Amino acid sequence: MKDVDDLTSAEEPLSEIPSTFAPARGDAARELVVGMQKWHGRILQLEDSIVTVELSPLDHQGPKLQADFALDLLSPNEDEVRPGDLVYLTVRTVVGSGGRKTQTSTLTPSLPGRWTDVEVAKINEAAEERLRGLEQFFDR
């Protein structure tokens, strides 16, 4: 396993290092993200404090999978999610000082926005205007 200093040495060009983020917080707390994978999916089941999710890869090849997560990972929205809701999962591989690898994951609900009556009216108006513009292309 390479040390973080080895990954950023002149021997290997930075463009070839699979990193997305290298915070500069001092030598003792140096970290380097060396990998990231993303999935999207839907909630299949909520039971007690567990959420079961079916996931498909977004940025790599692989099969669909089912996984259980602690419901509080969806905090502060865990009370709003329901079966069928969409979620995103991001897993990052981080190399810390000394070369130790760790992984972090973030499970995020894809919640619909909250729209005011005025915003909905503007959207409906824009859609109706667009429809009027398209009507010229149809026989009546």
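Please refer to the structure placed before this passage.
How each quantity is defined
- Residues numbered from 1 in each chain as written.
- Predicted model: local features only at pLDDT ≥ 70, side-chain atom pairs only at ≥ 80, totals over all residues.
- Heavy atoms only, no water.
- Helix = DSSP H or I, 4+ residues; strand = E, 2+ residues; numbered from the N terminus.
- Buried < 20%, exposed > 50% of the residue type's maximum accessible area, 1.4 Å probe, protein only.
- Contact = heavy atoms within 4.5 Å.
- Polar contact = N/O pair within 3.5 Å; in protein donor to acceptor, adjacent residues only side chain to side chain.
- Pairing = 2+ DSSP bridges.
- Axes fitted to C-alpha atoms, helices over the stretch in contact; angles between N-to-C directions.

A count of helices and strands for the protein chain gives 2 helices and 5 strands. In sequence order, the secondary structure elements of the protein chain are arranged as α-β-β-β-β-β-α. Within the protein chain, the fraction of its 140 residues that count as buried is 24%. Within the protein chain, counting contacts between residues at least 6 apart in sequence, those at least 24 apart form 41% of the total.

On to the environment of Gln 136, then. If you trace the backbone, Gln 136 turns up in the segment after α2 (117-134). Judged by relative accessible area, which is 61%, Gln 136 ranks as exposed. Side-chain polar atoms of Gln 136 contact the backbone oxygen of Gly 133, separated by 3.0 Å.

Below, the discussion takes up the sheet that holds strand β4 (residues 86-96). Two strands in a sheet stick together by hydrogen bonds in their backbones, pointing the same way (parallel) or opposite ways (antiparallel). Spatially, the 5 strands line up as an open sheet ordered β3-β2-β1-β4-β5, and their pairing is antiparallel. At either end of the open sheet lies a strand with only one pairing partner, and these are β3 (65-70) and β5 (101-109). Mean inter-strand twist for the sheet, computed between neighbouring axes without regard to direction, equals 35°. Across 11 bridges, the pairing between strand β1 (residues 31-47) and β4 is antiparallel. Bridging across to β4, Glu 31 finds its partner in Gly 96.

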